[in-house]
Amino acid sequence: MIHGLCREKEMKHRLSKAGETNPQLYHFLKEKIEFGKYHRYKKTIKQLIRKIIAMGIGGYLNSLSWRGIVNKINSPSHKKKVLFITGLTFNSVGMSIYLRKTGEFETILLTENPWLVGFFRQYFDAVYVYNSYFEVIRILIETKPYRVHIHGSLHYYFLGVLACCFSCTGTIAGFIDPPSFEPSANNPEELRKKPKDTQIDCFSEEFLFKKADGVVLTMNTLVAGEKLQLRHNSKVPMLEFPTYVCDEFFEEEEKYSRKDGRTYLVYGGIVAPSHHPREIYGAAQFLDLAKNFIHQGLCFHIYLSPHFSPMQIKTLYADYVQFAADSPGFKFQYGVPLDRATKAFSRYDFAVMIHKTKGTKMNAFHFNTCIPTKFFTYLSAGLPVIINKEFGYIVSVVKKYEIGIVIDQDEIDALAEIIKRYDYEKLKANVKRAREELSMKRHIDRLIDFYEKAKITRVNTMGKETDVLVQETKFIQ
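Treat the numbers as computed from the prediction; the structure is a model and nothing was measured.

J.: Give a detailed account of the sheet that holds strand β11 (residues 350-353), specifying residues and quantitative values.
T.: The strand order across the open sheet built from six strands is β10-β9-β8-β11-β12-β13, with neighbouring strands paired in parallel fashion. The open sheet has two edge strands with one neighbour each: β10 (330-333) and β13 (404-407). With direction set aside, neighbouring strand axes in the sheet form an average angle of 20°. With three bridges joining them, β11 and strand β12 (residues 385-388) adopt parallel strand pairing. Across the sheet, the residue bridging to M353 is I387, located in β12. Contacts from helix α19 (residues 373-380) reach β8 (264-269), β11 and β12 within the one sheet, and its direction differs from that of β8 by about 135°.

And the structure:
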């Protein structure tokens, strides 16, 4: 009991580093992390149930324990071990594949998501679904990988804070949808009205831009990163490194359109429920868009992000499900992992990146500088892209390689006629050429170089010196 209390006291002392940039962050994290045994037990039981449902009893019993994953990370090896930690995203898969292909790296994944374990195990040397954030801290304290690479996403940026506070290895913080681009981020009064997780995200971003050893921009350009550096008065080194195309996921299935001559469109990714406020979530609400497409005689299928359970889909998206039942040209599908997604998507004619942003509090700068993961998934499936002009950077890529159709939101009603003006076979051929240049195999050395280049000696909380990755003044581009 005394040992346990001392350990928790030491953990809280290390976590107090979070208060160096914002005292509220330290306060919030103390509440969020399951230091109390009752809260830890409750969270663990909930995760065990989710694991058994997702993996089956046999799969759960054969999975690694937390001690097993610690031993896996610390076991002697001639390879460098990269520990990826995430909440729900799967943006580290391509990185893992091509790090391993060099023969110099092993990759280990800690994730909160049990639904994609089977998929992850194909592309990482080990996968562990953690039971609590307290458990993540224990793993960070007891392991010494080559690098810790956090894939931050909304409501999970605090994982990067934990890595900075508890790992003796340098922390690379991956950014997806930076919290600063949330409309209320620049207004402290408005931010205080937001849910606690949103506040933690914003405070964590500031911390990571001051304390992390490197920032990888997974869904934004360096232009966006430089704006964040100015906001936080930061000199942290950055790397623009989106989820490039992976050869392993190239697919080419027979098109649906060959059977009936109709044009088939597909969207895969996050969908906001219709009952969420339009001014905030309107850009990710697609029911009106679906009705418009069906009215034009187009077929439109949506694949939801694979992080949702079947129960969540029935609860949150009943109107989408009902419209699909009533409209033969529209389908609302469960999400599928990347390997199955590219195969499914390849049967369509075009991928859709159309977002109706009028009347929303959309952050125009964010849309203009973002590099959505789905763009590379669509390229892997061999699909030309239909995109609205608000996606400034991706629009420039689409125009450069001539791999899609750029429209104004006012042209959505005429999309069926606009499509007829384009040489589809030429667009498809251009996609195949573009994905070679935008492939992970061509860019992985930039990530490896970023891991390796920025080194000094960090002094950890116990006063011991550890050679780890830390910031260097020049940017890696």
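J.: Before we move on, could you go through the packing of aromatic side chains and cite the residues and values that matter?
T.: Enumeration according to the criterion identifies 32 aromatic pairs in this entry. For the pair Y317 and F332, a centre-to-centre distance of 5.5 Å together with 40° between the ring planes defines the contact as tilted. Placement of the pair is Y317 in the loop between α15 (310-316) and α16 (318-326) and F332 in strand β10, with a sequence separation of 15 residues. A relative accessible area of 1% means that Y317 is categorised as buried. Judged by its relative accessible area of 13%, F332 falls in the buried class. Grouped by ring-pair contacts, the aromatic residues F84, F119, F120, Y123, F124 and F249 constitute a single cluster. Geometry around Y133 places K43 over its ring, the cationic atom sitting 3.7 Å from the centre. Directly above the ring of Y98 sits K101, whose terminal nitrogen or CZ lies 5.5 Å from the centroid.

J.: Describe in detail the packing of helix α17 (residues 338-345) against α19, supporting the description with residues and values.
T.: Orientation of α17 relative to α19, taken along the N-to-C sense of each, is 60°, at an axis distance of 8 Å. Relative to α19, the element α17 lies oblique. Between α17 and α19 lies a crossing of right-handed hand. On α19, the residues that touch L338, T342 and F345 of α17 are T377, Y378 and S380. Of the residues in the contact of α17 with α19, the class split is three nonpolar, three polar and no charged.

J.: So, the nonpolar core: which residues are in play, and what are the values?
T.: Core analysis: the biggest nonpolar cluster contains 98 residues, and L265, F293 and F375 have the highest contact counts within it. In this structure, L29, Y156, Y157 and I176 belong to the second largest nonpolar core, which totals 55 residues.

J.: Could you give an account of the sheet that holds strand β4 (residues 147-151), naming the residues involved and the relevant values?
T.: Two pairing modes exist for strands in a sheet, parallel and antiparallel, and in both the strands are linked by backbone hydrogen bonds. Pairing in this open sheet of seven strands is parallel, and the strands run β3-β2-β1-β4-β5-β6-β7 from one edge to the other. Two strands lie at the open edges of the sheet, namely β3 (126-129) and β7 (238-240), each paired on one side alone. Going from strand to strand, the sheet's axes swing by 20° on average, the running direction of each strand aside. Inspection of the sheet shows strand β2 (residues 105-111) paired to β3 by four bridges, in the parallel sense. Counterpart to T111 in the pairing with β3 is V129. Where helix α5 (residues 93-101) meets the sheet, its contacts fall on β1 (80-86), β2, β4 and β6 (214-217), and the angle it forms with β2 comes to roughly 155°.

Rules behind the numbers
Residues numbered from 1 in each chain as written. Predicted model: local features only at pLDDT ≥ 70, side-chain atom pairs only at ≥ 80, totals over all residues. Heavy atoms only, no water. Pairing = 2+ DSSP bridges. Helix = DSSP H or I, 4+ residues; strand = E, 2+ residues; numbered from the N terminus. Axes fitted to C-alpha atoms, helices over the stretch in contact; angles between N-to-C directions. Contact = heavy atoms within 4.5 Å. Phe/Tyr/Trp six-rings, centres within 6.5 Å; stacked < 30°, edge-to-face > 60°. Buried < 20%, exposed > 50% of the residue type's maximum accessible area, 1.4 Å probe, protein only. Lys NZ or Arg CZ within 6 Å of the ring centre and 35° of its normal. Parallel < 35°, antiparallel > 145°, perpendicular 65-115°, else oblique. Left-handed = near helix turned anticlockwise from the far one by under 90°. Nonpolar A, V, L, I, M, F, W, Y, C, P; charged D, E, K, R; others polar. Core = buried A, V, L, I, M, F, W, Y, C linked by side-chain atoms within 4.5 Å.

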